[in-house]
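# Structural features, examined
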Amino acid sequence: MWSLLGQTTPPTGFLGARGSLMLDFVFLAMFGIVPLMGLSIYLVKYRRKYTVHKIMQISLGLTLAVAVAAFEIDMRLFTDWEKLAASSPYYIAGQWNTVWYSLLVHLCFAIPTTFLWIFVIVQAVRKIPAPPAPSDYSRQHIFWARLAAGGMTMTAITGWIFYYLAFVAS
Ligand code: HEM
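Residues numbered from 1 in each chain as written. Predicted model: local features only at pLDDT ≥ 70, side-chain atom pairs only at ≥ 80, totals over all residues. Heavy atoms only, no water.

### As for the packing of aromatic side chains
Summed over all chains, the structure comprises 13 aromatic pairs. Note on Phe162 and Phe167: the rings are 5.7 Å apart at their centroids and 85° apart in plane angle, and the pair reads as edge-to-face. A network of ring pairs unites the aromatic residues Phe27, Phe31, Trp81, Tyr91, Trp160, Phe162, Tyr163 and Phe167 as a single cluster. (Phe/Tyr/Trp six-rings, centres within 6.5 Å; stacked < 30°, edge-to-face > 60°.)

See the structure below:
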């Protein structure tokens, strides 16, 4: 909201650190998304709740798509995150620094994971019968879906580390 007013410096977020509204929102949202994904996998693996798993995964995918879109718009158009990170001891202007390295590691997980989630959901909807149940496609789904789940977990962990280094540390 602040950034809509053309303001790119604090106060913008709500966590009391230096994050913008969207940075804080995504940082916090991942604490909900990762456990919900874990619950959805537990339900399909140990309770055979195939339909609940399908609904949960598609809902998580859609929620993430909206959050990522809003986040990208904020980062590209409104918030200069490097300005917010400038007072971090891990940030050194104009040269490779710990904050940039941590962002690079984060993006190595976040970018492939985005495509993996689109692939896993599209293929599952196309190839798993409705209502969902084990099928000829199960082996392939389990392989790619485990990779997608691992990628999302690492995206969250590396994102939290980046957030700390850039916007919390002082
Ligand atoms: C990115 C989205 C998704 C992720 C991360 C995901 C994750 C997983 C994982 C990790 C398993 C294997 C659990 C195990 O180790 O046994 C699994 C199984 C399953 N998933 Fe998904 N899933 C996703 C989307 C979907 C969708 C959209 C559907 C339905 C259209 C679906 C239907 C199933 C079914 C039926 C199984 C059981 C397969 C079997 O045991 O034969 N999943 N999912």
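### Considerations on helix α2 (residues 50–78)
The α-helix advances 3.6 residues per turn, and as a result positions three or four apart in sequence lie on the same side. With 29 residues, α2 extends 41 Å from end C-alpha to end C-alpha; this agrees with the ideal 42 Å at 1.5 Å per step. Those residues of α2 that fall on the buried side of the exposure criterion are His53, Met56, Gln57, Leu60, Gly61, Leu64, Ala67, Asp74 and Met75. Each element contacted by the buried residues of α2 is listed here: α1 (21–46), α3 (81–85), α4 (98–127) and α5 (138–168). (Helix = DSSP H or I, 4+ residues; strand = E, 2+ residues; numbered from the N terminus. Expected span 1.5 Å × (residues − 1). Buried < 20%, exposed > 50% of the residue type's maximum accessible area, 1.4 Å probe, protein only. Contact = heavy atoms within 4.5 Å.)

### Structural notes on the site of the ligand
In the vicinity of the ligand, 21 residues are found, and the nearest of them are His53, Pro134, Ser138, His141 and Arg146. His53 is positioned such that a nitrogen or oxygen atom in its side chain is 2.8 Å from a nitrogen atom of the ligand. In a pocket analysis with a 2 Å cut-off to the grid points, the ligand is assigned to the second largest pocket. Residue assignment for the shell around the ligand shows that the elements contributing at least two residues are α1, α2, α4 and α5. Each residue belonging to the shell around the ligand can be placed in one class, and the counts come to 14 nonpolar, 4 polar and 3 charged. (Near = heavy atom within 4 Å. Polar contact = N/O pair within 3.5 Å; in protein donor to acceptor, adjacent residues only side chain to side chain. 1 Å grid on protein atoms, 1.4 Å probe; cavity = no way out; pocket = protein on both sides within 12 Å on 5 of 7 lines; lining within 4 Å. Sits in = over half its atoms within 2 Å of the grid points. Nonpolar A, V, L, I, M, F, W, Y, C, P; charged D, E, K, R; others polar.)

### Quick look at the nonpolar core
Ranked by size, the top nonpolar core spans 14 residues in total, and within it Leu23, Trp81, Ala85, Val99, Phe162, Ala166 and Phe167 carry the most contacts. When contributions to this core are tallied by element, the ones reaching two or more residues are α1, α3, α4 and α5. Listed in part, the 13 residues of the second largest apolar core include Ile33, Leu60, Leu64 and Leu116. (Core = buried A, V, L, I, M, F, W, Y, C linked by side-chain atoms within 4.5 Å.)

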